[in-house]
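# Coordinate analysis (summary)
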4 protein chains.
Amino acid sequence: MDIKLVSSSNKKKVIDLGNGVKIGDGEFTIIAGPCAVENYEQLEATAKFLNKLGVNVLRGGAFKPRTSPYSFQGLGFQGLKYLRDVGKKYNMKVISEIMDPRDVERAYDLVDVYQVGSRNMQNYSLLKELGNVDKPVMLKRGMTATVNEWLMAAEYIALEGNDNIILCERGIRTFENYTRNTLDLTVVPIVKSLSKLPIIVDPSHGTGMRELVATMARASVVVSADGIMVEVHPSPDNALSDGFQSLDFSMMNELINQVDILKKYMNELE
Amino acid sequence: MDIKLVSSSNKKKVIDLGNGVKIGDGEFTIIAGPCAVENYEQLEATAKFLNKLGVNVLRGGAFKPRTSPYSFQGLGFQGLKYLRDVGKKYNMKVISEIMDPRDVERAYDLVDVYQVGSRNMQNYSLLKELGNVDKPVMLKRGMTATVNEWLMAAEYIALEGNDNIILCERGIRTFENYTRNTLDLTVVPIVKSLSKLPIIVDPSHGTGMRELVATMARASVVVSADGIMVEVHPSPDNALSDGFQSLDFSMMNELINQVDILKKYMNELE
Amino acid sequence: MDIKLVSSSNKKKVIDLGNGVKIGDGEFTIIAGPCAVENYEQLEATAKFLNKLGVNVLRGGAFKPRTSPYSFQGLGFQGLKYLRDVGKKYNMKVISEIMDPRDVERAYDLVDVYQVGSRNMQNYSLLKELGNVDKPVMLKRGMTATVNEWLMAAEYIALEGNDNIILCERGIRTFENYTRNTLDLTVVPIVKSLSKLPIIVDPSHGTGMRELVATMARASVVVSADGIMVEVHPSPDNALSDGFQSLDFSMMNELINQVDILKKYMNELE
Amino acid sequence: MDIKLVSSSNKKKVIDLGNGVKIGDGEFTIIAGPCAVENYEQLEATAKFLNKLGVNVLRGGAFKPRTSPYSFQGLGFQGLKYLRDVGKKYNMKVISEIMDPRDVERAYDLVDVYQVGSRNMQNYSLLKELGNVDKPVMLKRGMTATVNEWLMAAEYIALEGNDNIILCERGIRTFENYTRNTLDLTVVPIVKSLSKLPIIVDPSHGTGMRELVATMARASVVVSADGIMVEVHPSPDNALSDGFQSLDFSMMNELINQVDILKKYMNELE
């Protein structure tokens, strides 16, 4: 069976986060922040820096899906509250992952965009719950999901009534073990031809290596993605999770510069 | 980090379902029934047949995780009630998949074993909820999960207090497209060397072709699996889901005969 | 396009190696020997042992396809000569891998079966050259080859005139990294339904761990493979290649005992 | 073991094809032409068109590695002669795939760059033969090869004495079946950090869909690839092989325009 509600036979969807922040309107949105919210200070310092660079969507994980139960699991709702507070302070929209359908309602006032992680792309209870709220959902691609499986997961959300969905490519599992995942940029034009939904790229998880993030961010602009989501940390080597793929402030600054130059190209191309 | 509670450094776990039905005690357990509970009559006819063959664990899906929201989604709690009623009538233990942590408590009186499906192997909210009940859990391997990721998922359940866990190999995703999945029988001796938990094999999902099920069931005996889970339907070609991989009664009868012969071999070998 | 010459619409093929050694006639053939021929003494000791156990096909690599050019590359034609000499001494048939079409003619008097390795499954120049000799060819499955691609490779050989082809399943590449490859036993009944060619299983490469070889050899009998190919070394820990997956003599002895018991089962089943 | 001769610890390699055509000198080289040489007229028309656009390296397959022996196998040496003649007429350098080590010498005067296809990345006899000629070799990545396996294959060539090697990313096999392969652009910066060799991208095989080729060509510029190889055909829908991924002249024209705009960006970035 085919997708219906999220198919490209419908009008292109622009996701409005409020305060003039939109995803899918032709602008290239940069979402950035730490992999995990570790404490208020870490988050605040990151947001302060990003805000100066013009970034207006802040990410930060509070519920962390970790392979091992002995790894850092995130700060939970306390982390979401830090996110909300810091977001307000710097007038940034905030996004964070929710894993449990029971947390959707409680998190409603704490996030501007709900994120569904790769492991939960086919967690249908969660998808249905998110289909019943009136806030945007960012749906990450499953680790080995095909485009069809991914769009069908989006259809689950839309069918409940909420088609404010942003897709996020974050790399797929391949036999290449030099990188954490293999970023599939070809999926961007494919999704745009098949679906009405905007799509952003996560080059941090998609590569798992900070020295590759800026290069793949540039490529994301050029394949006409609607934005990127990037992990940034004040001190990546001391991060509680995924520090190896997090940019420090200096690298993030350089990334923004490169992306800005490329945006000019995209304008010239049109 | 390594597994602790479910590692083979602990005493081998035998899962006691009550009424003398045990998994992991050296016997080869056969779990069988329809992919989905479609109605009372279908389930009752299947159970009646299986019961005569000596099968004492009945499977039947009530919550069906389907790629498309437009596919048959199962009967939900009504399906679980049919399962409970039919199980009682034929004195069979029953197993069914739960996908939502909010359903765990309500399903408590309706199932003897909770099943976690492949798509939910890393649904940590669900795993933790199941770690807090005192009923066995069957944890299916994720579609591309490594052994380590799978055992770590079991560790999540055990860490909450419930180590009554049965692992179930159901095939992994590979490039071979002739079969639905590639059944990985080597994982059986590997799991037995690494973990205290019993492991059963699902040759129905593992192959996706009914004509291959009996052959792979035989092989499952020989690699020392603790049992198999097989899909059986009174009329596979009319099944609402996965009929192509379901056995009819005659094929199921033949499978049991073959397995019985092989069990003699296993006794001779020891 | 479909296979023609090697399809199951033709009469089942029995490969006659001479001296009464046949593959595909209903017997379960055991091919064994070292991964690589290292010197005369190593090979002679292995053959002497295997011969006592009733094994009558000896394997030994002379041209070794290694990922790194700095790894041991094999003894080349000198290795094939040792193989021929030892085979004659113990009246065993011999099989070895050829990688270069220019070596086919020169190796003609030195081997009884030419082996095509996984990396060369689609080396069409080599396949065509082997299609023009009147000796059997064992065609190993490519690392990520589908059944169709594999049978098409066999068709290349047959189309040149030589349909004395034995297929060999040796494990496919998957995301499971605990084992070297994932042995796909389901392919045995599939190949038997699609093709007239016999198929044997290589549990040594298929698992890459010596402690798993006997278990998967047992399973190979039960899925009706026509035989197995196993790596045996007088002193596996000192082997020049793949020692970790080679059996010592004691393990090989035990494997033969287990296989013999299972053969009785197969007779009972028919 | 690690790569030595092709590692980035050596001086960056620039491949000089003569007549001022260089790969790896900071320019972005466009190689283009039909998948297969079908006849003189088809090739001549393509070259005439490409030459006007400034393309100075012409591709065209004469030996076609096809999964089925019943598919069009190419014109062989006659195809290489057409390639040579047309190349001379338009003063273009020519590249074509060789599959058999016995053809290397005979093809010496017919090609400017030998191509090794994906299926032959680990055909060590062929690699060694090409290591002994004094012409450049383009080594395509194997369908599921890791970066390490790929660079090790290059090392085989270099170890024989020829380090005039161009790497070519052409997509890897993944579970995504919407595209023929998954183009792995991240491998470009990785290869540049690990190896001294230049790398070009093949977006035609890498996507298998003509409508995606220009987008991925643009992205190839931005990740700092040394060039692209693109399939172009006067009448793609009538091509004897891979027409679905071949550009017609109008699409090729547009691709060149887009690439030219991006090159300006790359200059601005440096």
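Everything discussed here concerns the structure shown above.
Residues numbered from 1 in each chain as written. Chains lettered and ligands numbered in written order. Predicted model: local features only at pLDDT ≥ 70, side-chain atom pairs only at ≥ 80, totals over all residues. Heavy atoms only, no water.

## Considering the interface of chain D and chain A
The condition that has to hold: We call two residues in contact when some of their heavy atoms are within 4.5 Å. Once two parts are put together, the accessible area they lose, assessed with a 1.4 Å probe and summed over both, is termed the buried area. Each salt bridge in this description consists of a side-chain nitrogen of Lys or Arg and a carboxyl oxygen of Asp or Glu lying within 4 Å of one another. We call two N or O atoms a polar contact when they sit within 3.5 Å, provided that within protein one can donate a hydrogen and the other can accept it, with sequence-adjacent residues counted only if both atoms are side-chain atoms. Put simply, DSSP marks the helices as runs of H or I at least four residues long and the strands as runs of E at least two long, and each gets a number from the N terminus on.
Contacts between chain D and chain A engage 38 residues on the former and 38 residues on the latter. Approximately 3,000 Å² of surface area, both sides summed, lies buried where chain D meets chain A, with 71% of it carried by carbon and sulfur atoms. Summed over the shared surface of chain D and chain A, the result is two salt bridges. For Arg141 of chain D, the salt bridge is made with Glu176 of chain A, and the minimal N-O distance between the two is 2.8 Å. At the junction of chain D and chain A, the tally comes to eight residue pairs in polar contact (both at pLDDT 80 or more). Contributing elements (two or more residues each) for the side of chain D that touches chain A: α6 (187-194), α8 (210-222) and α9 (249-269) of chain D.

## Quick word on the relation of the copies chain B and chain C
Spelled out, the test is: To line up the copies, we fit them by least squares on C-alpha atoms, keeping just the residues with pLDDT of at least 70 in both.
Superposition record for chain B on chain C: RMSD 0.0 Å, screw rotation 180°, translation along axis 0.0 Å. What we have between these two chains is a two-fold relation. Across chain B, the rotation axis passes nearest the C-alpha of Ala219 of chain B, at a separation of 2.5 Å. The residues that chain B uses at the interface reappear at the interface of chain C in 100% of cases, marking a shared surface.

## Quick look at the relation of the copies chain D and chain A
Taken as rigid bodies, chain D and chain A are interconverted by a rotation of 180° and an axial shift of 0.0 Å, the fit giving an RMSD of 0.0 Å. When the interface residues of chain D are mapped onto chain A, 100% of them are again interface residues, pointing to one common binding face.

## Some thoughts on the nonpolar core
Stated formally: Definition used in this section: a nonpolar core is a set of buried Ala, Val, Leu, Ile, Met, Phe, Trp, Tyr and Cys residues joined via side-chain atoms within 4.5 Å. Using a 1.4 Å probe on the protein chains alone, a residue whose accessible area is under 20% of its type maximum counts as buried, one over 50% counts as exposed, and one in between counts as partly exposed.
Counting residues in hydrophobic clusters, the biggest one holds 321 residues, and the most contacted among them are Leu139 and Met252 of chain A, Leu139 and Met252 of chain B, Met252 of chain C together with Leu139 and Met252 of chain D. Those residues in contact with Met252 of chain C that sit more than four places away from it in its chain are Ile30, Ala32, Phe49, Leu50, Leu53, Val55, Val230, Val232 and Leu247 of chain C.

## Thoughts on the interface of chain B and chain C
Cut-off, in case you're wondering: Amino acid classes used here: Ala, Val, Leu, Ile, Met, Phe, Trp, Tyr, Cys and Pro are nonpolar; Asp, Glu, Lys and Arg are charged; the rest, including Gly, are polar.
With 38 residues of chain B at the contact, the number on the chain C side is 38 residues. In this assembly, chain B packs against chain C so that about 3,000 Å² is buried in total across both faces, 71% of it on carbon and sulfur atoms. Counting across the interface, chain B meets chain C through two salt bridges. Between chain B and chain C we count seven residue pairs in polar contact (both at pLDDT 80 or more) in total. Those elements giving two or more residues to the side of chain B that touches chain C turn out to be α6 (187-194), α8 (210-222) and α9 (249-269) of chain B. Sort the elements by how many residues they give to the side of chain B that touches chain C and α9 of chain B lands first, with eight residues. Of the residues that constitute the side of chain B that touches chain C, the class distribution is 20 nonpolar, 12 polar and six charged.

## Observations regarding the pairing of strand β10 (residues 227-231) of chain B
Residue and element names in this part refer to chain B. We count it as follows: Two strands pair under a simple rule: DSSP has to find at least two bridges between them.
Counted residue by residue, β10 has five buried out of five residues, so it is predominantly covered. A two-sided burial pattern is seen for β10, the buried positions comprising Gly227, Met229 and Glu231 on one face and Ile228 and Val230 on the other. Two strands pair when backbone bridges link them, and strand β3 (residues 29-33) and β10 are joined in this way by five bridges, in the parallel orientation. Across the sheet, Ile30 pairs through a bridge with Ile228, a residue of β10.

## Examining the environment of Pro189 of chain D
Mapping Pro189 of chain D onto the fold places it in helix α6. Given the relative accessible area of 16%, Pro189 of chain D is considered buried. Spatially, the C-alpha atom of Pro189 of chain D lies 9.4 Å from that of Ile199 of chain D, the residues being 10 residues apart in sequence. Setting aside chain neighbours within four positions, we find Pro189 of chain D in contact with Leu212 and Thr215 of chain A together with Val223 of chain D.

## Topic: the pattern of salt bridges
Taken as a whole and judged by the stated rule, the model has 64 salt bridges over all chains. Lys263 of chain A is paired through a salt bridge with Asp260 of chain A; the nearest N and O atoms lie 3.8 Å apart. Pair noted here: Lys263 of chain A and Asp260 of chain A are both in helix α9 (residues 249-269), with a separation of three residues, about one helical turn. Note that Glu44 of chain D and Lys89 of chain D form a salt bridge whose closest N and O atoms lie 2.9 Å from each other. Separated by 45 residues along the polypeptide, Glu44 of chain D in helix α1 (residues 40-53) and Lys89 of chain D in helix α2 (residues 77-90) bring together distant segments of the chain. Connected via shared salt-bridge partners are Arg141, Glu169 and Asp184 of chain A together with Glu176 of chain D.

## Some points on empty space enclosed by the protein
Taking a probe equal in size to a water molecule and rolling it over the atoms shows the remaining empty space. Definition in use: Cavities and pockets were defined on a 1 Å grid built from protein atoms only: a cavity is a group of points that admits a 1.4 Å probe but offers it no way out, a pocket is an open group of points flanked by protein on both sides within 12 Å along at least five of seven lines, and a lining residue is one with an atom within 4 Å of any such point. Grid points are joined across faces, edges and corners, and a volume is the space filled by probe spheres set on the points.
For the coordinates displayed, the defined rule picks out three cavities of 30 Å³ or more. The calculated volume of the largest cavity comes to roughly 50 Å³. Contributing to the lining of the largest cavity are Thr174, Phe175 and Glu176 of chain A together with Arg141, Met143, Thr144, Ala145, Thr146, Ile172 and Arg173 of chain D. Of the residues belonging to the lining of the largest cavity, the class tally is four nonpolar, three polar and three charged.

## Examining the environment of Gln245 of chain A
Residues and elements named next belong to chain A. Note that Gln245 resides in the loop between β10 (227-231) and α9. Classification of Gln245 by relative accessible area gives buried; the value is 0%. Once residues lying within four places of it in the same chain are set aside, the contact partners of Gln245 are Arg180, Ser204, His205, Gly208, Met209, Arg210, Val213 and Glu231. A distance of 2.8 Å separates the side chain of Gln245 from the side chain of Arg180, its partner in a polar contact.

## A short note on the side chain of Arg66 of chain D
Keep this limit in mind: None of His or the chain ends enter the tally, which takes Lys and Arg as positive and Asp and Glu as negative.
Structurally, the position occupied by Arg66 of chain D is in the loop between β4 (57-59) and α2. As a buried residue without a salt bridge, Arg66 of chain D has its nearest oppositely charged side chain in Asp242 of chain D, at a separation of 5.1 Å. Residues within four places of Arg66 of chain D in sequence aside, it is in contact with Tyr124 and Tyr156 of chain C together with Ser71, Phe72, Gln73, Arg119, Leu240 and Ser241 of chain D.

## Topic: the packing of aromatic side chains
Worth spelling out the cut-off: Side-chain rings of Phe, Tyr and Trp, where Trp is taken by its six-membered ring, are said to pair if the distance between their centres is within 6.5 Å; with planes under 30 degrees apart they count as stacked, over 60 as edge-to-face, and otherwise as tilted. Charge over a ring is defined by NZ of Lys or CZ of Arg lying within 6 Å of the ring centre and within 35 degrees of the ring normal.
Throughout the structure, instances matching the rule amount to 20 aromatic pairs over all chains. Between Tyr124 of chain C and Tyr156 of chain C, the ring centres sit 4.2 Å apart and the planes meet at 25°, which makes this aromatic pair stacked. With a gap of 32 residues between them, Tyr124 of chain C in helix α4 (residues 124-130) and Tyr156 of chain C in helix α5 (residues 147-159) connect regions that are remote in the sequence. Seen in terms of ring centroids, Phe49 of chain D and Phe249 of chain D are 4.1 Å apart; in terms of plane orientation they differ by 5°. Their pairing is stacked. Placement of the pair is Phe49 of chain D in helix α1 and Phe249 of chain D in helix α9, with a sequence separation of 200 residues. Here a set of aromatic residues connected by ring pairs shows up, and it is made of Phe175 of chain A, Phe175 of chain B, Phe175 of chain C together with Phe175 of chain D. Positioned above the aromatic ring of Phe77 of chain C, the side-chain terminus of Arg106 of chain C is 3.7 Å from the ring centre. Positioned above the aromatic ring of Phe175 of chain B, the side-chain terminus of Arg173 of chain D is 6.0 Å from the ring centre.

## Examining helix α5 (residues 147-159) of chain D
Residue and element names in this part refer to chain D. Convention followed: Here, expected helix span is obtained from the residue count minus one, scaled by 1.5 Å.
Helix length check: α5, at 13 residues, gives a terminal C-alpha distance of 18 Å against a target of 18 Å (1.5 Å per residue), a fit within 8%. Extensive coverage of α5 is indicated by the burial of 11 of its 13 residues. Listed in full, the buried residues belonging to α5 are Val147, Glu149, Trp150, Leu151, Met152, Ala153, Ala154, Glu155, Tyr156, Ile157 and Ala158. Contacts from the buried residues of α5 go to α4 (124-130), β7 (137-140), β8 (165-169), α6 and β9 (199-201).

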